[in-house]
Amino acid sequence: MAVKKTNSLGEIVISEDVIATLAGISAIECYGIVGMASKRATDGLVELLGYDNLSKGVKVFTQDNGVVINLYIIVEYGISIAAVGKNVIETVKYNVENIIGIIVKKVDITVEGIRV
Amino acid sequence: MRLELIDGNKLKEMFYASAQMLEKNKQKVNSLNVFPVPDGDTGTNMCLTMMSAIKEVKTLANGNVTQVADAVSRGSLKGARGNSGVILSQLFRGFAKGLKGEQVINTRKYAEALKAGADTSYKAVMKPVEGTMLTVARITAEEAEKIAQGCSDFNVFFKEIIKIAKRVLDKTPDMLAVLKQAGVVDAGGMGLLFIMLGASNALKEDFDQDLDLPLTEDEIIATSELDFSQEGLGEIGEGYCTEFLIP
């Protein structure tokens, strides 16, 4: 489901993939994140995604007048996962709200792996 | 007075002094925070992270430099707050790795540990952004290794590396556009500078460890006897507006 913004002259439709990509890039630029994660349906193994297909590690749901974003991340070992997670939530929320201009209702983080 | 070796107790004092200096100046650091999210909390975050590190160090009765550095690394990981706090915890983690096995250290080993800290901090991010505290840490560490080759007195060594750090910090607006736009140097880098200034304070013998007493004005001025002026820092006016969105 895309997000629509209307004004008197027309409407702007922003696809979920755009939101997912922006959220993914915001997360990947956060300190402590080494990649986005994608669980392969076949064997449940987690794959580390880079810049080219990072939106696979993000799920976006529209809710009322905003979005809920789920991110699946891989963190570096030896770093505070709680602090990194909190940082990702704040950065994603800030970037999506300011660059796209839609309200972020919730950001959920799942830490799928640690890189040792 | 020449100081050529640092032991566990001296290292402890240096960390206490760094925490004191950061605590005293955290508002100044907060006011510079524009990147990546301008939420004005870099100083507070770095301070809280350091306090957690100090708490861990205080549980050590004595300890050599390895044990003190490990305690700082653990404590800062446990209490890391915000982006800058996490980076600080990685700098300490690398620093501790670089000191591993040592009882006391000289300037060369200290410089090695600084380099290890910078290297570790760069590894934990996919796209290291130059013009941030990462840059200040990296270039200071690189120069420190050269300085330590010809200098075994910690008083002189620290004076020199602080000069380097200040120089790099002043160049950060040229490396990161958003800093240039806001007309500020990098907040995290400034925090690092205060940490180094604090540590150099502790190199003197009669250092007051009590963290509850903030440094007096005289002591702050005394630390600026190093030959660079800090006047420019006070002139930074509001470069942006901070809004707190509390859900």
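Caption draft 1: Quick peek at helix α6 (residues 107-123) of chain B. Along its 17 residues, α6 of chain B runs 25 Å from first to last C-alpha, staying within 8% of the 24 Å computed at 1.5 Å per residue. For α6 of chain B, the secondary structure elements touched by its buried residues are α5 (82-99), α7 (133-149) and α8 (154-175) of chain B.

Caption draft 2: Spatial organisation of the interface of chain B and chain A. Contact residues are listed per partner, giving 18 residues for chain B and 17 residues for chain A. When residues of the side of chain B that touches chain A are assigned to their parent elements, the largest contribution, eight residues, is made by α5 of chain B.

Caption draft 3: Focus on the environment of Arg138 of chain B. All names here are of chain B. With respect to the helices and strands, Arg138 occurs in helix α7. Take Arg138: there are 20 C-beta atoms within 10 Å of it, and that puts it in the buried class. Measuring from C-alpha to C-alpha, the distance between Arg138 and Gly43 comes to 20 Å, with 95 residues separating the pair along the chain. Dropping the residues within four chain positions of it, Arg138 is found in contact with Ala118 and Tyr122.

Caption draft 4: The pairing of strand β5 (residues 58-63) of chain A, seen in detail. Residues and elements named next belong to chain A. Relative to strand β6 (residues 66-76), β5 is paired through six bridges, and the arrangement is antiparallel. Bridging across to β6, Phe61 finds its partner in Val68. Once β5 ends, the chain turns through two residues before running back antiparallel as β6, passing Asp64 with a positive phi of about 50°.

Caption draft 5: Representation of the packing of α6 of chain B against α7 of chain B within the structure. Residue and element names in this part refer to chain B. It is the contact of α6 with α7, at a shortest axis distance of 8 Å, that shows an interaxial angle of 155°. In terms of axis orientation, α6 runs roughly antiparallel to α7. Seen from above, α6 lies across α7 with left-handed handedness. Contacts between α6 and α7 involve Thr107, Arg108, Tyr110, Ala111, Leu114, Lys115, Gly117, Ala118, Ser121 and Tyr122 from the former and Leu134, Ala137, Arg138, Thr140, Ala141, Ala144, Glu145 and Ala148 from the latter. When grouped by side-chain class, the residues that make up the contact of α6 with α7 number 10 nonpolar, four polar and four charged.

Caption draft 6: Layout of the nonpolar core. Counting residues in each nonpolar core, the largest one holds 107 residues, and the members touching the most others are Ala23, Ala27, Leu71 and Ile73 of chain A. In terms of residue count, the dominant contributor to this core is helix α10 (residues 187-201) of chain B (nine residues). Contact partners of Ala27 of chain A, with chain neighbours within four places excluded, come to Ile33, Met36, Leu71, Ile73, Val88 and Val92 of chain A.

Caption draft 7: Up close: helix α4 (residues 65-78) of chain B. Residue and element names in this part refer to chain B. Here α4 spans 20 Å end to end across 14 residues, near enough to the 20 Å set by a 1.5 Å rise per residue. The buried count for α4 comes to 10 of 14 residues, which makes it a mostly enclosed element. Buried within α4 are the following residues: Val65, Val68, Ala69, Asp70, Ala71, Val72, Ser73, Gly75, Ser76 and Leu77. In this structure, the buried side of α4 is in contact with α1 (8-24), α3 (42-58) and α5.

Conventions and cut-offs
- Residues numbered from 1 in each chain as written.
- Chains lettered and ligands numbered in written order.
- Predicted model: local features only at pLDDT ≥ 70, side-chain atom pairs only at ≥ 80, totals over all residues.
- Helix = DSSP H or I, 4+ residues; strand = E, 2+ residues; numbered from the N terminus.
- Expected span 1.5 Å × (residues − 1).
- Contact = placed C-beta atoms within 7 Å.
- Buried ≥ 20, exposed ≤ 12 C-beta atoms within 10 Å, placed from the backbone.
- Pairing = 2+ DSSP bridges.
- Axes fitted to C-alpha atoms, helices over the stretch in contact; angles between N-to-C directions.
- Parallel < 35°, antiparallel > 145°, perpendicular 65-115°, else oblique.
- Left-handed = near helix turned anticlockwise from the far one by under 90°.
- Nonpolar A, V, L, I, M, F, W, Y, C, P; charged D, E, K, R; others polar.
- Core = buried A, V, L, I, M, F, W, Y, C linked by C-beta atoms within 7 Å.

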